[in-house]
Amino acid sequence: MSQEAKPRHEPTLGEDAKNLSVVGASAALAALVTVGLLSAAPAEPPVHRVEIRTVTRVVTQPEPPPEPESSLLVMSYQTGANRLYGTVHARDGSRLTGYIRWDRNEGSWSDVLDASKPRPRGSPSAAGIRFGHVESLEVVSRDAALLTLKSGERVELQGRATDLGSGLRALVVEMPEARVAELGWRDFDRIDFSPAPADPPPSSRLFGTLVSRSGLEFTGYVTWDVDEIYTTDVLDGDDESGARRRIPFGAIASIARENLWSSRVTLHDGTVLVLEGTNVVDESIGGIAVSDPALGQVQVGWDEFDHVRFHDQGEEAVFAAFDGGA
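Note that this is a predicted model, so its numbers are computed, not measured.

A count of helical and extended segments in the protein gives 0 helices and 23 strands. As displayed, the protein has an accessible area near 14,500 Å², and 50% of this comes from carbon and sulfur atoms.

Shown next as structure tokens:
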């Protein structure tokens, strides 16, 4: 999210989850890391439940988003079939069914759940799996979850960053009638994933093609500044007159690196803006990630970023396209 201060190939979807690759691109976009995943998972590991407590952060009406600019042409390319959807079993006994935003920056079946996998000897190994392979996720401790995959295999994963465990930044569920629930890791026991309904959601996942300064191209689901993933999320910055602009991503056709301190933003109506003054439009950005349904996840820093163009995906990566891995 933005801050005022500045410190800081037709892909196939049936990939083997065991060989999921993660590409880091902050320096040269060339390091390919093979992510270990499902080996030697116990068939029926014990499930240790913790005491049930009341959900502490559920709001029936969402906080109003920053006011969008009223005359902008906003596009919504996706139908919503690519978005995470399911039922959250809360610790107060309630069940919350709707679209899921995981840890602020995962929202599609192609997005990767980052974690680590326990090993009989030595330190846990880095692991990751696309959400589309997961049938259910059950909390087993403050830093671990038991995943049941569509294949029937069960595997326990531990928290490595903020995707699993007490470091989870937020689990947001968008329900009918504009109801929104925001939960922490200790607020739920289990999540059962399922296909999204036919009705379109209020927003769609950002999709596009990122081009690096060296000319490499990556196409997939885009996460801007580690947080912005939907067409309703907002890019803000100061234009050349000094006025603060708050632009929904659904109105943006492309974003290009202007220099260290600013971005050139082209809107769908043809308007071109040079924005600066926030850490989502300059060198202090947290990075731009692309989740490629066939390759893995690519993250690009400002020094390597040239531009990103938002566009339709064509065939969406729907829940039914994932088989649980091999």
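Take the packing of aromatic side chains next. Tallied over the entire structure, the rule returns 10 aromatic pairs. Residues Trp302 and Phe305 carry aromatic rings whose centres are separated by 5.6 Å and whose planes lie at 35° to one another, so their mutual orientation is tilted. Exposure class is identical for Trp302 and Phe305. Each is buried. In this structure, Arg83 packs its charged tip against the face of Tyr230, placed 4.0 Å from the ring centre. One residue, Lys150, lies across the ring of Phe319, its end atom 3.5 Å from the ring centre.

Let us now look at the pattern of salt bridges. Per the counting criterion, the structure on display carries 14 salt bridges. The partner of Asp189 in a salt bridge is Arg91, with the nearest N and O atoms 2.5 Å apart. Placement of Asp189 in strand β13 (residues 188-193) and of Arg91 in the loop between β4 (85-90) and β5 (95-102) is noted, with a sequence separation of 98 residues between them. Side by side, Asp189 and Arg91 carry an identical accessibility label, which is buried. The partner of Asp233 in a salt bridge is Arg101, with the nearest N and O atoms 3.0 Å apart.

Most often, soluble globular proteins keep nonpolar side chains buried together rather than apart. One finds Val88, Trp102, Leu137, Leu147, Leu164, Phe188 and Phe193 to be the most contacted residues of the largest nonpolar core, which totals 39 residues. If you tally residues by element for this core, the top one is β5, at 4 residues. Not counting chain neighbours up to four residues away, the residues in contact with Leu147 comprise Leu113, Ile129, Val134, Ser136, Leu137, Glu153, Arg154, Val155 and Leu157. The next biggest cluster of nonpolar side chains, apart from the first, holds 27 residues, and it includes Leu206, Leu210, Val281 and Ile288.

Residue placement: Val74 occurs in the loop between β3 (58-59) and β4. Separated by 173 residues in sequence, Val74 and Ile247 place their C-alpha atoms 9.7 Å apart. With sequence-adjacent residues up to four places away left out, Val74 is seen in contact with Pro248, Gly250 and Ala251.

The rules behind the values
- Residues numbered from 1 in each chain as written.
- Predicted model: local features only at pLDDT ≥ 70, side-chain atom pairs only at ≥ 80, totals over all residues.
- Heavy atoms only, no water.
- Helix = DSSP H or I, 4+ residues; strand = E, 2+ residues; numbered from the N terminus.
- Areas by Shrake-Rupley, 256 points an atom, 1.4 Å probe, with all protein chains shown as cover.
- Phe/Tyr/Trp six-rings, centres within 6.5 Å; stacked < 30°, edge-to-face > 60°.
- Buried < 20%, exposed > 50% of the residue type's maximum accessible area, 1.4 Å probe, protein only.
- Lys NZ or Arg CZ within 6 Å of the ring centre and 35° of its normal.
- Salt bridge = Lys/Arg side-chain N within 4 Å of Asp/Glu carboxyl O.
- Core = buried A, V, L, I, M, F, W, Y, C linked by side-chain atoms within 4.5 Å.
- Contact = heavy atoms within 4.5 Å.

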